[in-house]
Every structure is written in structure tokens, then in C-alpha cells.
There are 2 protein chains.
Amino acid sequence: MHKAFPDSINRLIKELSAMPGIGPRSAERITFHILQSPRENIIDLLNSIKEVKTSVRFCGVCSNLSDGGTCGICSDPARDRTRICVVEGPGGITAMERSGAYRGLYHVLLGALSPIDGVGPDELRIGGLLKRLSGEGVAEIILATDFTTGGETTAMYLKRALEPFNVTVTRLSRGVPVGGSLEYVDIATLQRAFEDRRKA
Amino acid sequence: MHKAFPDSINRLIKELSAMPGIGPRSAERITFHILQSPRENIIDLLNSIKEVKTSVRFCGVCSNLSDGGTCGICSDPARDRTRICVVEGPGGITAMERSGAYRGLYHVLLGALSPIDGVGPDELRIGGLLKRLSGEGVAEIILATDFTTGGETTAMYLKRALEPFNVTVTRLSRGVPVGGSLEYVDIATLQRAFEDRRKA
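Being a predicted model, the structure only gives us computed values, none of them experimental.

Okay, the pattern of salt bridges next. For the structure on display, the rule yields 16 salt bridges over all chains. One salt bridge in this structure joins Arg-11 of chain A and Glu-51 of chain B, with 2.9 Å as the shortest N-O distance. Taken together, the residues Arg-11 of chain A in helix α1 (residues 7-17) and Glu-51 of chain B in helix α3 (residues 39-55) connect one chain to another. Among the residues examined, Arg-11 of chain A registers a relative accessible area of 36% and is labelled partly exposed. When the shortest N-O distance is used, the salt bridge between Glu-195 of chain B and Arg-174 of chain B registers 3.9 Å. Here Glu-195 of chain B is found in helix α7 (residues 187-195), whereas its partner Arg-174 of chain B is found in the loop between β6 (168-171) and α7, with 21 residues between them in sequence.

Written out as C-alpha cells, the structure is:
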């Protein structure tokens, strides 16, 4: 914050800094950009934010983002309905779709287990996932939660919760990134890559 | 863009990606953050953007941002009025203020010379700078434009334009960053650091 600038500028910089991935310097550059942008562009941006806040809902089936009804993936007839990939948030869907490796359905938990933050199983969309297994003929559940403490804990919890169901439960593999050199891989990843080694 | 999400989400991601320093993945994370944030926080953000767009003006003296009249720095009686530091944009003021090295006045050019983009001397606030030299008893002009092609060209142009005036013109020094190791400094910086070497 600088007394060099009007309060309104400092306030906007502060509010933008609260966004994920925006540090104080980015926030400042974005503020100057907003100042210099044509009025119409900024009006469009404000309207887009308003529309997202008022019109976006969670899909009643998988909890992905939707504009009211069932989401674009659940309602796509070309999708393989025998597989459900479980992700923590909509960003997980983007990542999987970007990879092009998967054409099945999703289930969004809207978080990961974190006892410290008071996030238990009831805070996540786990009940809805179990309900989907009773009718639909699902053969495989792919656990694609993050490889963080919360994501791993959630994957372990789900593995157990899914045991009573007649469904194959898999987890994305851990290991050395493609193109990664052994020298530059962190110790934990290399340990996992060794544990999970497979027949060549 | 993914058919996986409603159009309103994709539109906001696209608009945010147009901001400086926000790539498509940041834009997506910010969009999800906006979705999850309490309504009041987002209303505050929208109001802050609106206020910046409607209330912020350029200072009539130095072209810094102001809320209508003379900016916070020009109207601060504690400032050394014998020095003017010339920067390309308000971000230059932030950087200089952060350094704590300077307590004089500023002049914001609102850009840098760039013939390719049609930015000549008339597009910058150079006339206003020259006008400030006639009365105020300014002893030194510090050229603090960027060390890019545009910034260097602007500094050279200003050096010449300021020759008729009875004022010392200086430029920020170039060289190896503090804490920088010679091995990791780029070639051009090292060449400059050698050229500009000073008595130890």
C-alpha cells in the first residue's frame, strides 16, 4: 500500500491480492490494466462475474458446475457410463479433459478430507457418489484426488467406503514426470516411483 | 475452454486470461475462487473496480494516479522538491517507493517511446515535464524508465530534450543484481556491469 496512490486503487490492489495465485505485484499490474482498459471491456468483465455468481449451479448428479440442470458431461451421450473419475474440484475435470486420456463420467467431491479444517466425510459429496453405484452399472471408480495429504487421505477413505460395492477401484499412478530427469526429481517422488515400479 | 463447464464460466475464464500475468490456469482458479467466495466479497470487488474506473484521474502536475486533484506525492510537503524521478508508469513509482531510496517528486510519462507501435514523444507526457523545469527550482532529473529497448530509447531522448535546461540529468545504474552470482547473470547485464564499472 502506498500513500502515493488514491485509496480506491489501494483497495482494489488489496482485494485482487486475496485471489489465488495473485501476489501484490500482479494485483498492482492488473489494477493499472483495468484503469487503462476501455470502459466496455470492464463492463463485460463485471457482467461476466455477476452472471457466474448468479447462474452457476452444481450438477445434481456429479456436482460439476452446470447452468442449472445436469452438467455438460453427464448429459453427453458419447461418454462411457461404466467409469466414474473422482476429483476434488472442477479444476480436476479440466486437467483430466486436457490430458485426453479419459472419456468416462466424473464425480466432484468439492473438497478433500481435512480433520484440522473440520472437513469430514459429511462435508464432501461422498453420499451422492455411493448412490450412483446402486443403479447405473458402473464398473470402475478412478480415484483422481490430489497427491497431497488431504487428497491421499480422501483416496484411502474412499477405497474403504467403496469396498462393499461390486466395483473396481483404481488410483492414478505416482512416479517420475514424463521428461523428468532422475537428478531433479524430489526424494518423495522417487521413493514412490520405486515402490510402484512395474514390469518393464 | 471445455464443454464440461457452462458458457458463463468459460467466458469469465477467457476474460480473466486477457489480464497481464494471468494465464489460462490462473484464470480458471480465480473463476472457481469467485464462485466459492461469499457474495459480499464479490460485491465489494465489483464496487472497487467500478470506483477505480470512475473516480481515478491523472495528477495535473506529474500524471501519477490521483482521486481528482493533485496526487498524494505532489501534495506531500515532506517531499524534496528539487528532484524529479521520471518513470514510465505508476508501477515505477511503487518500485522506487518500495526501495526507500528516494524522497523527491515524480513524473509519469504514461508509456515509453516505441516507433513501431506509433508511440512518439507527443504520445508521452514529456511537455508537462519540461514545463515543470521553468519555475520550480528543480536541480536534478533522475531517468528511471525501464532498461528495455523502449525505456532506453526514451531515456536517451529525454537526455537530449533536457540539455537546454539548467538541470543535472542522471540515470539509474545498470549492473549485477545485489546478491547475484556472476555465473548466473545474463551476458548483456555482465557486459553493462563491466562498461559501467566504478572505482572500488
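A separate point is the interface of chain B and chain A. Chain B puts 53 residues into the contact, and the matching count from chain A is 53 residues. When chain B packs against chain A, close to 4,800 Å² is buried across both sides, 70% of that on carbon and sulfur atoms. One can count 2 salt bridges joining chain B with chain A. Inspection of the region where chain B meets chain A yields 14 residue pairs in polar contact (both at pLDDT 80 or more). Elements supplying a minimum of two residues to the side of chain B that touches chain A: α1 (7-17), α2 (24-36), α3, β2 (65-66) and α4 (90-99) of chain B. The greatest single-element share of the side of chain B that touches chain A, amounting to 13 residues, is contributed by α3 of chain B. Broken down by class, the residue content of the side of chain B that touches chain A amounts to 25 nonpolar, 14 polar and 14 charged.

Take the packing of aromatic side chains next. Considering all chains together, one arrives at 4 aromatic pairs over all chains under this definition. Between Phe-5 of chain B and Phe-32 of chain B, the ring centres sit 5.8 Å apart and the planes meet at 80°, which makes this aromatic pair edge-to-face. Within this pair, whereas Phe-5 of chain B is found in the segment before α1, its partner Phe-32 of chain B is found in helix α2, the two being separated by 27 residues in sequence. Residue classification places Phe-5 of chain B among the buried positions, given a relative accessible area of 4%. Taking NZ or CZ as reference, Arg-197 of chain A lies 4.2 Å from the ring centre of Phe-194 of chain A, over its face.

This brings us to the domain arrangement of chain A. Per the domain assignment, the segments of chain A are domain 1 (7-55) and domain 2 (65-199). The gap between the C-alpha centroids of domain 1 of chain A and domain 2 of chain A is 33 Å.

Quick look at the nonpolar core now. Proteins that are soluble and globular tend to have nonpolar side chains buried together. Counting 98 residues, the largest nonpolar core has Ile-141 of chain A together with Ile-141 of chain B as the members making the most contacts within it. In this view, Ile-141 of chain B contacts Ile-84, Val-86, Leu-129, Leu-133, Leu-162, Val-167, Thr-168, Val-169 and Thr-170 of chain B; residues no more than four positions away in its chain are not counted.

For the rest of this paragraph, the subject is the relation of the copies chain B and chain A. With an RMSD of 0.0 Å, the fit of chain B onto chain A corresponds to turning through 180° and sliding 0.0 Å along the axis. The operation mapping one copy onto its partner corresponds to a two-fold rotation axis. Among all residues of chain B, the one whose C-alpha sits closest to the rotation axis is Leu-46 of chain B, at a distance of 3.2 Å. Interface overlap between copies: 100% of the residues of chain B at the interface are likewise at the interface in chain A, consistent with a symmetric, same-surface contact.

In this structure, the largest pocket occupies an estimated 800 Å³ of space. Lining the largest pocket are 25 residues, and of these Gly-89, Gly-91, Gly-92, Ala-95 and Asp-146 of chain B lie nearest its centre. Contributions of two or more residues to the lining of the largest pocket are made by α2 (24-36) of chain A together with α4 of chain B. It is α4 of chain B that provides the largest number of residues to the lining of the largest pocket, a total of 7 residues. Here the lining of the largest pocket is composed, by residue class, of 10 nonpolar, 9 polar and 6 charged. Computed from the structure, the second largest pocket encloses a volume of approximately 680 Å³. Forming the boundary of the second largest pocket are 25 residues, of which Glu-88, Gly-89, Gly-91, Gly-92 and Asp-146 of chain A lie nearest the centre. A per-class count over the lining of the second largest pocket returns 12 nonpolar, 7 polar and 6 charged.

Residue and element names in this part refer to chain A. If you trace the 4 strands from one edge of the open sheet to the other, you get β4-β3-β5-β6, paired in parallel fashion. Sheet topology places β4 (104-108) and β6 (168-171) at the edges, where each strand pairs with a single neighbour. Each strand axis lies, on average, 25° off the axis of its neighbour in the sheet, ignoring direction. Alignment of strand β3 (residues 80-87) against β4, held across 5 bridges, turns out to be parallel. Along β4, the bridge assignment pairs Asp-80 with Gly-104. Relative to β4, helix α5 (residues 126-135) is tilted by about 150°, and along the sheet it contacts β3, β4 and β5 (140-143). Set on the sheet, helix α6 (residues 149-161) makes contact with β3, β5 and β6; between it and β6 the angle comes to about 165°.

Bringing the environment of Ala-139 of chain B into the picture now. All names here are of chain B. Secondary-structure assignment places Ala-139 in the loop between α5 (126-135) and β5 (140-143). Note on Ala-139: relative accessible area 41%, which makes it partly exposed. Residues Ala-139 and Val-52, spaced 87 residues apart in sequence, show a C-alpha to C-alpha distance of 35 Å. When residues no more than four places from it in sequence are discounted, the contact partners of Ala-139 are Thr-82, Val-167 and Thr-168.

On to the sheet that holds strand β4 (residues 104-108) of chain B. Residues and elements named next belong to chain B. An order of β4-β3-β5-β6 is seen for the 4 strands of this open sheet, with the pairing classed as parallel. For this open sheet the edge positions go to β4 and β6, each flanked by a neighbour on one side alone. With direction set aside, neighbouring strand axes in the sheet form an average angle of 25°. Across 4 bridges, strand β3 (residues 80-87) lies against β5 in parallel orientation. Bridged to Val-86 within β5 is Leu-143. Packing of α4 onto the sheet brings it into contact with β3 and β4, and relative to β4 it is tilted by some 155°.

Calculation rules
Residues numbered from 1 in each chain as written. Chains lettered and ligands numbered in written order. Predicted model: local features only at pLDDT ≥ 70, side-chain atom pairs only at ≥ 80, totals over all residues. Heavy atoms only, no water. Salt bridge = Lys/Arg side-chain N within 4 Å of Asp/Glu carboxyl O. Helix = DSSP H or I, 4+ residues; strand = E, 2+ residues; numbered from the N terminus. Buried < 20%, exposed > 50% of the residue type's maximum accessible area, 1.4 Å probe, protein only. Contact = heavy atoms within 4.5 Å. Buried area = accessible area lost by both parts, 1.4 Å probe. Polar contact = N/O pair within 3.5 Å; in protein donor to acceptor, adjacent residues only side chain to side chain. Nonpolar A, V, L, I, M, F, W, Y, C, P; charged D, E, K, R; others polar. Phe/Tyr/Trp six-rings, centres within 6.5 Å; stacked < 30°, edge-to-face > 60°. Lys NZ or Arg CZ within 6 Å of the ring centre and 35° of its normal. Domains from an automatic or database assignment. Core = buried A, V, L, I, M, F, W, Y, C linked by side-chain atoms within 4.5 Å. Least-squares fit on C-alpha atoms with pLDDT ≥ 70 in both. 1 Å grid on protein atoms, 1.4 Å probe; cavity = no way out; pocket = protein on both sides within 12 Å on 5 of 7 lines; lining within 4 Å. Points joined across faces, edges and corners; volume = space filled by probe spheres on them. Pairing = 2+ DSSP bridges. Axes fitted to C-alpha atoms, helices over the stretch in contact; angles between N-to-C directions.

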